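So the chains spell out like this:
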Amino acid sequence: MKNNRRNFISKLSLGIATIPALSLASCAQETPVETAPKKALPVIITTWDAGIVANEAALANLKSGGTSLDAVEAGVMPAEADAANQYVGIGGKPDRDGYVTLDACIMDWEGNAGSVCFVQDILHPISVARRVMEKTPHVMLVGTGARQFAIEEGFETTDLLTEQSKKDWDEWRKTSEYKPVINTENHDTIGMLAIDEKGNISGACTTSGMAFKMHGRVGDSPIIGAGLFVDNEVGGAVATGLGEAVLRTLTSFLTVEFMRNGMSPKDACKAALERLAAKHKNFKDFQVGIIALDKNGNSGGYALQGGFTFALAEDGKNEMFEAESLI
Ligand code: GLY
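What this report covers is the structure whose coordinates are included nearby. (Residues numbered from 1 in each chain as written. Predicted model: local features only at pLDDT ≥ 70, side-chain atom pairs only at ≥ 80, totals over all residues. Heavy atoms only, no water.)

1. Here we look at the nonpolar core
Then step 1. Membership of the largest hydrophobic core comes to 48 residues, with the highest contact counts inside it found for Leu-193, Leu-228 and Val-288.
Then step 2. In terms of residue count, the dominant contributor to this core is helix H9 (residues 265–278) (7 residues).
Then step 3. When sequence neighbours within four positions are dropped, the list of residues in contact with Leu-228 reads Cys-105, Ile-106, Met-107, Leu-193, Gly-203, Ala-204, Cys-205, Ile-223, Ala-237, Val-238 and Ser-252.
Then step 4. In terms of nonpolar packing, the next biggest core, distinct from the first, is built from 35 residues, Leu-102, Val-119, Leu-141 and Leu-160 among them. (Core = buried A, V, L, I, M, F, W, Y, C linked by side-chain atoms within 4.5 Å. Buried < 20%, exposed > 50% of the residue type's maximum accessible area, 1.4 Å probe, protein only. Helix = DSSP H or I, 4+ residues; strand = E, 2+ residues; numbered from the N terminus. Contact = heavy atoms within 4.5 Å.)

2. Let's talk about the environment of Ala-268
Then step 1. Counting through the fold element by element, Ala-268 comes out in helix H9.
Then step 2. Its relative accessible area of 0% is what places Ala-268 among the buried residues.
Then step 3. Separated by 22 residues in the primary sequence, Ala-268 and Ile-290 have C-alpha atoms spaced 9.3 Å apart.
Then step 4. Each residue touching Ala-268, except ones within four places of it in the same chain, is listed here: Thr-255, Phe-258, Met-259 and Met-263.

3. Observations regarding the site of the ligand
Then step 1. Around the ligand, the neighbouring residues are Thr-189, Gly-209, Met-210, Arg-217, Gly-219, Asp-220, Ser-221, Gly-241 and Gly-243.
Then step 2. For the ligand, a nitrogen atom lies 2.7 Å from a polar atom in the backbone of Gly-241.
Then step 3. Gly-243 places a polar main-chain atom, nitrogen or oxygen, 2.9 Å from an oxygen atom of the ligand.
Then step 4. Surface burial for the ligand is 98%, taken as the share of its 200 Å² of free accessible area covered by protein chains.
Then step 5. Partitioned by chemical class, the residues of the shell around the ligand number 1 nonpolar, 6 polar and 2 charged. (Near = heavy atom within 4 Å. Polar contact = N/O pair within 3.5 Å; in protein donor to acceptor, adjacent residues only side chain to side chain. Areas by Shrake-Rupley, 256 points an atom, 1.4 Å probe, with all protein chains shown as cover. Nonpolar A, V, L, I, M, F, W, Y, C, P; charged D, E, K, R; others polar.)

4. A look at the pairing of strand S3 (residues 102–107)
Then step 1. For S3, the tally of buried residues reaches 6 of 6 residues, placing the bulk of the element in the interior.
Then step 2. Both faces of S3 are covered, namely the face carrying Leu-102, Ala-104 and Ile-106 and the face carrying Asp-103, Cys-105 and Met-107.
Then step 3. The pairing of S3 with strand S4 (residues 113–119) spans 5 bridges and is antiparallel. The residue of S4 that forms the bridge with Leu-102 is Val-119.
Then step 4. Sheet analysis places S3 next to strand S7 (residues 201–207), joined by 5 bridges and oriented antiparallel. Within the sheet, the bridge partner assigned to Cys-105 lies in S7 and is Cys-205. (Pairing = 2+ DSSP bridges.)

5. Re the pattern of salt bridges
It is possible for side chains bearing opposite charge to pair when their charged atoms get close.
Then step 1. In the structure shown here, the tally under the stated rule is 14 salt bridges.
Then step 2. The partner of Arg-173 in a salt bridge is Asp-170, and the shortest N-O contact between them spans 2.5 Å. With a gap of 3 residues between them, Arg-173 and Asp-170 both fall in helix H6 (residues 163–175), about one helical turn apart.
Then step 3. Judged by its relative accessible area of 40%, Arg-173 is partly exposed.
Then step 4. Residue Glu-171 pairs with Lys-174 through a salt bridge whose shortest N-O separation is 2.7 Å. With Glu-171 and Lys-174 both in helix H6, this residue pair falls 3 residues apart, about one helical turn. (Salt bridge = Lys/Arg side-chain N within 4 Å of Asp/Glu carboxyl O.)

Spelled out as structure tokens, the structure:
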């Protein structure tokens, strides 16, 4: 059941000082500012409606002794394996040439990061991203190189194009002008942030990207600082929605920097979206949503347009909320 967002917002607002919008120049501050009282840990926050199942999987992982890194990986895996979810993993809508290509990244509390872009035939790109982080000297592997690495690491290949997604692609080809679809329905990238009982934050982000995109297109989701950013001294942020707009403004990094300067997670998401909107004359034509989590376990989200939901697991509850929006 979705909660009354005003209740949630007023709950989050307790103890948060009102802080005016900050210029980018002022974001160089190094010392994190306390924003709100500490929450009972762990806390997990995940984008969109699939976030409830994702949070449950992450909580189960933490209960069995996992770290926040283990939890975010385990948390997004059900969405990657859900053939009915047409925005992540198997069942994701293909590109305009009929290929399902996946992007994912992961980041831990020590600032380690791993990413795969434009990878095909691999069911769990988030796990490959983690292997890139832990087993290679690199942060990012792309395309055939990422696929080859995954196979070398023991991942099996899987046909990710489901009957339904092929049918949708066939339908799209009948009427399209062979252009990628850029609209507000192109969402449901899974982005998750978790803080464990030790106060360690990790994040994960995984997607099949824009439906019917050009072959080779990569969005924001696997780009550290765009789709995901974590700084354990401050907090983390994840973005969902039109990747091109997020890439141009490094929205997740910016959100964390706003938190560093004392903004609450919700206010930081809003300020980052105001920056994004200021740089995009057509911002009313697409959706971007952001969620954020600070080092004290306080969380929040904001969106360009209405309808952006996220799931929050804290204090023994796991509930959906609809974010406030600029438009
Ligand atoms: N935010 C997902 C994408 O644009 O690919």
